[in-house]
Amino acid sequence: MVINRRQLSTIFERFHTALLALSCVDRKSFPSLSAQSTILFNNRNVIHSARQFSSKETVTITYVDPSGDEHPVEAEVGQHLLDVAHAKNIELEGACGGELACSTCHLIFDKDVYDTLPPKSDEEEDMLDLAFELTETSRLGCQIRVTKEFDGIKVRIPNDGY
């Protein structure tokens, strides 16, 4: 296996991020953290134990594609909507792999659902400015985690060149 310079840099950055996260953990605040604990990390988050965000509890979410076809899927509570779409073979691009460096995982929510979502970061606002068919209820799928309250919601995938 040959690793190029960019891949090596990415590996180093992820390792460094994990080390920083470990150094910031106060074991008194996290009694479950032990030598046997698993630290998982990706480019979006450092996560102590997949169980923290991946509860195995599922809800039904319906993705509505640009042609209006509905695709109901079971989504694990805690997963990002982009990851759910990819796992269920829903056509939602996510060109940057969830790095908040594009707007290709742009989704449109119903107003009542949108109002319950966590606030957008400045970075997400910047990326959404680049999205096609931007609406007042647009969000990026890589920034929204599934919650129990999502059971039965519909999210629309805009026609971003689908």
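Residues numbered from 1 in each chain as written. Predicted model: local features only at pLDDT ≥ 70, side-chain atom pairs only at ≥ 80, totals over all residues. Heavy atoms only, no water.

If you check an unreviewed UniProt entry, the protein chain appears there as 2Fe-2S ferredoxin-type domain-containing protein from Cyclotella cryptica.

When you go through the protein chain residue by residue, the secondary structure sums to 4 helices and 7 strands. Along its sequence from the N terminus, the protein chain presents helices and strands in the succession α-β-β-β-β-α-β-α-α-β-β. Partitioning the contacts of the protein chain with sequence separation of at least 6, the portion at a separation of at least 24 is 57%. Taken as a whole, the protein chain presents about 10400 Å² of accessible surface, with 51% of it coming from carbon and sulfur. (Helix = DSSP H or I, 4+ residues; strand = E, 2+ residues; numbered from the N terminus. Contact = heavy atoms within 4.5 Å. Areas by Shrake-Rupley, 256 points an atom, 1.4 Å probe, with all protein chains shown as cover.)

Next up on the list: the environment of E74. Following the sequence through the fold, E74 ends up in strand 4 (residues 70-76). Separated by 16 residues in sequence, E74 and T58 have C-alpha atoms that sit 5.9 Å apart. Leaving out residues up to four positions away in the same chain, E74 has contacts with T58, V59, T60 and K88. Of note is the side chain of E74, whose polar atom sits 2.5 Å from the side chain of T60. (Polar contact = N/O pair within 3.5 Å; in protein donor to acceptor, adjacent residues only side chain to side chain.)

This part covers the side chain of S138. Structurally, the position occupied by S138 is in strand 6 (residues 138-140). Owing to a relative accessible area of 0%, S138 belongs among the buried residues under this scheme. A distance of 2.8 Å separates polar atoms of two side chains, one belonging to S138 and the other to H106. Within the structure, S138 has its side chain in polar contact with the backbone nitrogen of T135 (distance 2.8 Å). Discounting residues that sit within four places of it in the chain, S138 has contacts with H106, L107, I108, Y114, K120, L128 and E133. (Buried < 20%, exposed > 50% of the residue type's maximum accessible area, 1.4 Å probe, protein only.)

This paragraph deals with the pattern of salt bridges. Under the definition given, this model contains 6 salt bridges. Of the charged contacts, one joins K56 and E76 as a salt bridge, the two residues approaching to 4.0 Å between their closest N and O atoms. Note that K56 is positioned in the loop between strand 2 (46-48) and strand 3 (58-64) and E76 in strand 4, a separation of 20 residues in sequence. (Salt bridge = Lys/Arg side-chain N within 4 Å of Asp/Glu carboxyl O.)

An order of 4-3-7-5-6 is seen for the 5 strands of this open sheet, with the pairing classed as mixed. For this open sheet the edge positions go to strand 4 and strand 6, each flanked by a neighbour on one side alone. Across the sheet, the axes of successive neighbouring strands diverge by a mean angle of 40 degrees, strand direction being ignored. (Pairing = 2+ DSSP bridges. Axes fitted to C-alpha atoms, helices over the stretch in contact; angles between N-to-C directions.)

By the bridge criterion, 7 bridges tie strand 3 to strand 4 in an arrangement that is antiparallel. Paired with T58 across the bridge in strand 4 is E76.

All right, on to the nonpolar core then. Counting residues in hydrophobic clusters, the biggest one holds 29 residues, and the most contacted among them are I61, Y63, L81, L107, F109, V146 and F150. Secondary-structure elements contributing two or more residues to this core are strand 3, strand 4, helix 2 (81-87), strand 5 (106-109), helix 3 (111-114) and helix 4 (122-128). (Core = buried A, V, L, I, M, F, W, Y, C linked by side-chain atoms within 4.5 Å.)

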